[in-house]
Amino acid sequence: MASLKVRITFPEEQIKEPVIYQIGKEYKVVTNIRRADVTEKTGWVDLELIGETKEVEKAVAGLKKKGVKVDLIERNVIE
Amino acid sequence: MTKMKALVCRECGKRYPLEPLHVCEFCFGPLEVEYNYDAIGREMSRASIEAGPKSLWRYAPLLPIEKEPTVGLYAGMTPLIHAKNLGRELGLDRLYIKNDTVNHPTLSFKDRVVAVALTRAREFGFDTVACASTGNLANSVASHAAQAGLRCFVFIPSDLEAGKILGNLVYRPTVVAVEGNYDDVNRLCSEVAGEYRWAFVNINIRPYYAEGSKTLAFETAEQLGWTAPDHVVVPIASGSLLTKIRKGLMELAKLGLIDQPHTKVSGAQAAGCGPVATAFEAGRDFIKPVTPKTIAKSLAIGNPADGYYALKAVRETGGSIASVSDSEIVEGISLLARTEGIFAETAGGVTTAVLAKLARQGKIDRRELTVAYITGHGLKTQEAIAGSVGDVVRIQPSLSHFEQTLQLKRDT
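This one's a predicted model, so the numbers in the text were calculated from it and none came from an experiment.

Some points on the pairing of strand β4 (residues 69–72) of chain A
Residue and element names in this part refer to chain A.
Thought 1: The side-chain alternation of β4 yields one buried face, formed by V70 and L72, and one unburied face, formed by K69 and D71.
Thought 2: Pairing of strand β1 (residues 2–10) with β4, which is carried by four bridges, proceeds in the antiparallel orientation. Looking across to β4, one finds that T9 is bridged to K69.

Structure representation (structure tokens):
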């Protein structure tokens, strides 16, 4: 099982969408929220995605496809 | 009691054992080493430091290792130069340059953090080290790993220029060129770090690795005769360097080695990748990630891990953050070279140009003792100055043509 810690950031037009619920339904991943700050304009959620590596990767791609920004919890590690 | 107490979450304060961990399992905040300053104070004095090795290891009690250092024994103790010529040009009476272009062995400040990271990695029993990098970090990790006999993996985006890769291949690491964009490389590295027992210096070893940057502050204070500067100008990539320079000065004060510092900490970014500068100018706490587009590749971190903390440090100390365009960066490289004889890479151009800008704007006072941190050698980014530093004077092989072309008159 793989675990990936990410921060997802919602643009205003996605705020009302239940994307975390949808990702959990569409891919075989467990979503586990740790911290969040969501307002009517924007928001971010620190989230752990747990599942087989391929499913986690597909879930990340799926989140991006839904229009939310996905960043590693470490932010950029390329230095 | 040992000098390190625990890893502590910078957000929620939860404590963790001193292991290769970097993220709080509860709130996902970054972890940092907590020290036992009472114990350190008992073994560290100005005299003990001055009697130590001529390297960053003279400050070993304030670095996150448990035994004797084993990797990067000659890193650090780079010159602090009283930059009178540049100061005259910028109207700064007490300007100093901390010249990490001559760090050992790979000519950038990364030799400091990697020396600490790989020493710690060895203490943990790792036989493989890794990093994700587009330049300086890869160079330093590969070089130190070669010397230390550690297996080394360097991850790069596959579209990285060939020249940058050659400088890594010479040390014989495994360079993995990942098809995909920077986000993909980032994600893959995080996954690899989670699955393999490797010391990923800027992932699972990051709390220890980042502490190496404090040595720039320690050396500066010692080289100034055990005093803190009034103002420092520091390039911002991940933001870690800036926060650690401030932390280093605070630690020296905590141990009574210098007076309580009132150092203004200012940051330098490229306009083509200035998320922290933008947040500073907008008065925001939130760092909005950007897609980098700048010649200053070593500062091209669009979503900086420590951006928030760097911003906080600058605001708390009364410093500023400014950004400069690519042409200003090239001018900065040229200015530093023609005034002080120091050839810096593009990050040094950013720092010099921002230093000049802050001086012009009156944000650095003429009388402030100011230190600018120049973090990497110009030979690493020679392409940046191509076409902007003039050309050679071509002549025929005759004395008369030489004199005619250069309009010289012989001494009589």
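As for the environment of B:G180
Thought 1: On the secondary structure map, B:G180 appears in the loop between β8 (174–178) and α7 (182–195).
Thought 2: Measuring from C-alpha to C-alpha, the distance between B:G180 and B:W226 comes to 48 Å, with 46 residues separating the pair along the chain.

Some thoughts on the nonpolar core
All names here are of chain B.
Thought 1: With 140 residues, the main nonpolar core has V129 and V141 as its most contacted residues.
Thought 2: The element best represented in this core is helix α14 (residues 346–360), accounting for eight residues.
Thought 3: Residue contributions to this core reach at least three from each of two domains, namely domain 1 (1–43) and domain 2 (80–106 + 213–385).
Thought 4: With sequence-adjacent residues up to four places away left out, V141 is seen in contact with V114, V129, C131, C152, V154 and V201.

A short note on the domain arrangement of chain B
Thought 1: The domain architecture assigned to chain B consists of domain 1 (1–43) and domain 2 (80–106 + 213–385).
Thought 2: Look at where the C-alpha atoms of domain 1 of chain B and domain 2 of chain B centre, and you get two points 27 Å apart.

Side note on the interface of chain A and chain B
Accessible area lost upon the coming together of the parts serves often as the stated size of an interface.
Thought 1: Residue-level contacts link 18 residues of chain A with 26 residues of chain B.
Thought 2: Of all the elements in the fold, those that place two or more residues in the side of chain A that touches chain B are β1, β2 (29–38), α2 (53–65) and β4 of chain A.
Thought 3: Residue composition of the side of chain A that touches chain B, grouped by class: seven nonpolar, three polar and eight charged.

How each quantity is defined
- Residues numbered from 1 in each chain as written.
- Chains lettered and ligands numbered in written order.
- Predicted model: local features only at pLDDT ≥ 70, side-chain atom pairs only at ≥ 80, totals over all residues.
- Buried ≥ 20, exposed ≤ 12 C-beta atoms within 10 Å, placed from the backbone.
- Helix = DSSP H or I, 4+ residues; strand = E, 2+ residues; numbered from the N terminus.
- Pairing = 2+ DSSP bridges.
- Core = buried A, V, L, I, M, F, W, Y, C linked by C-beta atoms within 7 Å.
- Domains from an automatic or database assignment.
- Contact = placed C-beta atoms within 7 Å.
- Nonpolar A, V, L, I, M, F, W, Y, C, P; charged D, E, K, R; others polar.

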